[in-house]
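Okay, here's what each chain looks like letter by letter:
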Amino acid sequence: MIRILNTALIIIALSINCFSQNNSDSNLLEINNTIKNAYSLQDDSLLAITYRAKADYYNKQVNNDSIALIFYDSTNVYYKKINNSYQYSQILLSKALIFKDLGFPDKAIKYFREALNYYKTVNDKKNVGLLLSNMSDCEKQKGNFKKAIDYQFKSLKIAVDLDNNSAIARCYNQIAILYKIQEDYDNALVYYEKALEINILRKNQKWISYNFNNMANVYFCKKEYEKAIEYHHKALEIKKDINDIKSMSSSHLNLGEAYCYSNEFEKSIYHLDIAEKMGLASGNQTTLAYTYMYYAQAYYKMNLIENAKQKALKALHISKTHFLLDIENEAAELLYKINKEQGNYKIALEMRDLHIKLKDSLVNEENFKAIISKQYAHLASLDSANHAVEINLQNQKILIQDAELEKENTIRIALISGIIIVVIFLLLIYSRFKVIRRQKDLIENQKIEVDSAYNLLEVKSAEIQDSIIYAKRIQVGILPSDELIKSSFKESFTFYKPKDIVAGDFYWIDNSIKDH
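Student: Summarise the overall build of the chain; cite the residues concerned and give the values.
Tutor: Along its length, the chain carries 21 helices and zero strands. Per-residue burial over the chain gives 43% buried out of 516 residues. The long-range share in the chain, meaning contacts at least 24 apart out of those at least 6 apart in sequence, stands at 55%. Of the roughly 29100 Å² that the chain leaves accessible, carbon and sulfur atoms contribute 55%.

Student: Go over the packing of aromatic side chains, please, and point to the residues and values.
Tutor: Under the criterion given, the structure shown has 18 aromatic pairs. Judged by centre distance (5.6 Å) and plane angle (35°), the rings of Tyr 225 and Tyr 261 are tilted. Of this pair, Tyr 225 sits in helix 12 (residues 225-241) while Tyr 261 sits in helix 13 (residues 245-261), placing them 36 residues apart in sequence. Overall, Tyr 261 belongs to the partly exposed group, its relative accessible area being 33%. A centroid spacing of 6.4 Å and a plane angle of 25° characterise the contact between Tyr 292 and Tyr 295, whose relative ring orientation is stacked. Note that Tyr 292 and Tyr 295 are positioned in helix 15 (residues 285-301) at a spacing of three residues, about one turn of the helix. Like Tyr 292, the residue Tyr 295 is buried in the burial classification. Three or more aromatic residues link up through ring pairs in this structure, and these residues are Tyr 51, Tyr 57, Tyr 58, Phe 71 and Tyr 78. Lying across the ring of Tyr 231, Lys 234 places its NZ or CZ 4.6 Å from the centre.

Student: Explain the pattern of salt bridges to me, and be specific about the residues and the numbers.
Tutor: Using the criterion set out here, one finds 12 salt bridges in the structure. Its salt-bridge partner being Glu 139, residue Lys 142 comes within 4.0 Å of it at the nearest N-O pair. Within this pair, Lys 142 and its partner Glu 139 are both found in helix 7 (residues 125-142), separated by three residues, close to a single helical turn. The exposure class assigned to Glu 139 is buried, which follows from its relative accessible area of 1%. Via salt bridges that share partners, Asp 106, Glu 139 and Lys 142 belong to a single interconnected network.

Student: Please provide a residue-by-residue account of a nonpolar patch on the surface, values included.
Tutor: Taken together, the side chains of Tyr 470, Ile 474, Ile 478, Phe 506 and Trp 508 define a hydrophobic patch exposed on the protein surface, amounting to about 560 Å² of accessible area. Relative to the helices and strands, Phe 506 is located in the segment after helix 21 (482-488). By relative accessible area, Phe 506 is classed as partly exposed at 42%.

Student: Describe helix 11 (residues 205-221), listing the residues and the values that go with them.
Tutor: The first and last C-alpha atoms of helix 11 sit 25 Å apart over 17 residues, in line with the 24 Å expected at 1.5 Å per residue. All buried positions along helix 11 are accounted for by Ile 208, Ser 209, Asn 211, Phe 212, Asn 213, Asn 214, Met 215, Ala 216, Val 218, Tyr 219 and Phe 220. Tucked into the core, helix 11 has its buried residues touching helix 9 (165-181), helix 10 (185-202), helix 12 and helix 13. Just past helix 11, the residue Lys 223 takes up positive phi, approximately 65°.

Student: Now, about the side chain of Ser 89: what can you tell me, with residues and values included?
Tutor: In this structure, Ser 89 sits in helix 5 (residues 85-102). Once residues within four sequence positions are removed from consideration, Ser 89 is found in contact with Ala 115, Tyr 118 and Tyr 119.

Student: Pulling in residues and values, what's your account of unusual backbone geometry?
Tutor: In the Ramachandran plot, Asn 303 falls in the positive-phi region, its phi being about 65° despite a non-glycine side chain. Within the fold, Asn 303 resides in the loop between helix 15 and helix 16 (305-321). With a relative accessible area of 59%, Asn 303 lands in the exposed category.

Student: Report on helix 17 (residues 325-341), specifying residues and quantitative values.
Tutor: A rise of 1.5 Å per residue sets the reference length of helix 17, with its 17 residues, at 24 Å; its end C-alpha atoms lie 24 Å apart and thus fit the reference within 8%. Among the residues making up helix 17, those that are buried are Ile 327, Glu 328, Asn 329, Ala 331, Ala 332, Leu 334, Leu 335, Ile 338 and Asn 339. Immediately downstream of helix 17, the backbone of Gly 343 shows phi near 85°, a positive value.

Student: So what's going on with the side chain of His 232? Which residues, and what values?
Tutor: Within the secondary structure, His 232 sits in helix 12. Judged by its relative accessible area of 2%, His 232 is buried. Each residue touching His 232, except ones within four places of it in the same chain, is listed here: Asn 213, Ala 216, Asn 217, Ser 251, Asn 254 and Leu 255.

Student: Tell me about the confidence of the model for the chain, and name the residues and values.
Tutor: Low pLDDT means the predicted coordinates in that region are not meant to be read closely. The predicted model of the chain averages 81 in pLDDT, with 82% of residues at 70 or higher. Residue range residues 365-395 is modelled with pLDDT below 50. Its contacts to residues more than four positions away, or to other chains, number 39 contacts.

Student: Which residues make up the packing of helix 7 against helix 9, and what values do they have?
Tutor: Relative orientation of the contacting elements helix 7 and helix 9 amounts to 15°, with a least axis distance of 12 Å. The orientation of helix 7 relative to helix 9 falls into the category roughly parallel. The way helix 7 lies across helix 9 gives a crossing that is left-handed. Every residue of helix 9 that contacts helix 7 at Gly 129, Leu 130, Ser 133, Ser 136, Asp 137 and Lys 140 is listed here: Arg 170, Gln 174, Ile 177, Leu 178 and Ile 181. Grouping the amino acids of the contact of helix 7 with helix 9 by side-chain chemistry returns four nonpolar, four polar and three charged.

So, how was this worked out
Residues numbered from 1 in each chain as written. Predicted model: local features only at pLDDT ≥ 70, side-chain atom pairs only at ≥ 80, totals over all residues. Heavy atoms only, no water. Helix = DSSP H or I, 4+ residues; strand = E, 2+ residues; numbered from the N terminus. Buried < 20%, exposed > 50% of the residue type's maximum accessible area, 1.4 Å probe, protein only. Contact = heavy atoms within 4.5 Å. Areas by Shrake-Rupley, 256 points an atom, 1.4 Å probe, with all protein chains shown as cover. Phe/Tyr/Trp six-rings, centres within 6.5 Å; stacked < 30°, edge-to-face > 60°. Lys NZ or Arg CZ within 6 Å of the ring centre and 35° of its normal. Salt bridge = Lys/Arg side-chain N within 4 Å of Asp/Glu carboxyl O. Patch = residues over 30% accessible without salt bridge, like charges linked within 9 Å, V, L, I, M, F, W, Y side chains within 5 Å. Expected span 1.5 Å × (residues − 1). pLDDT = per-residue confidence, 0-100. Axes fitted to C-alpha atoms, helices over the stretch in contact; angles between N-to-C directions. Parallel < 35°, antiparallel > 145°, perpendicular 65-115°, else oblique. Left-handed = near helix turned anticlockwise from the far one by under 90°. Nonpolar A, V, L, I, M, F, W, Y, C, P; charged D, E, K, R; others polar.

Now the structure itself:
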């Protein structure tokens, strides 16, 4: 057994070495050959290790999460069979992280909790703390900020007990983020400062710069622009020292915005010029969209209207092509003001309509609920597909077990029957090997068909839900606002509640009395 495990570890090490050479086809071929050898050795430990290598390959090398999940399930079939609870929990953790990254927090929490139960039984506090922190992130995705903070404080307590400064700083930072999201800026600053103190003790320059940047953003939200500028400069100096080019561009961008709001326009343009150069050099379209928007805001405040207009148009173009709704909304609003001032009323009206639609999309509570409904419907379809895959895997396992039992019976007869029976037995083994090969090929083809059907189902579900959400956005943009109705009927209200997401009813209001 030890010899087999050592062989497997060598095989996996070679596979990992291959991963670094970016030779995907040969990597997969090597892993598949290893799995074939594992079946011939009839050792569940080796099968668990090789299936895990295949799952990691799809997860980390080719970024195909749906296939990775299938092979992680196969891995845990064998880890459960050999009663390796530690590795079984590690696979649960890998699956949970995939679902978390895919945006399915409930599914992720399910696997996090299963793994958490094991780590609690073996008193593995480090992994318990890590899992609690990840569960907090999932609750944050769902908008359950109270639960998210509770999980982070539990994770923090464990980190303090273990005297793990890195984990403590991470928890403080995550707690601060949760308070900032809820606009509790004072508490956000308290925990950012706690994280900063620890990172200074650890001499972790990169995280110190992140702390300064986060604190600057909080001060900006509090409209304390001088403080925001001070901390952005602190962050920028550290980023220069450690040559963090990517983060330097964001610091210049943030300084450009902060100086604009503090009416120091020359300094604002100076930093935005640097941010633009870095954005063009890196090809980062998001950075460029924000840069052009901040340019437009600064030029508009400086009364350089044409300059503001050109920059706003650039921001609008990039934000449309890269789905940056917040920037698209701000650009449309500013272009509405500019075109209205210039007498371009047709364009101004178009920009105003676009701004209203985008604003509704960003802040309308019904749209938010519709998006959540879409996510959970998508999750339900994934559950159904996963269930079909699990049945397929169980059938595969039964076929393999039946073949193994038949082979063992044949061997037992051969040992009793003597030399002549041994020869016959060898012929039977060869025949059985060909049957198993055909069975395995059939199973693999069936699995490919199931995977294809699942991917098609997922794409169609997403397309349908996107169409419904877009229809909802159009409908909300057309319907008259409550303010317009109340301007004519002060003591009135509108009761409009679609059955699901969109409705077929439209209501209108018009004032027949015109001003002369």
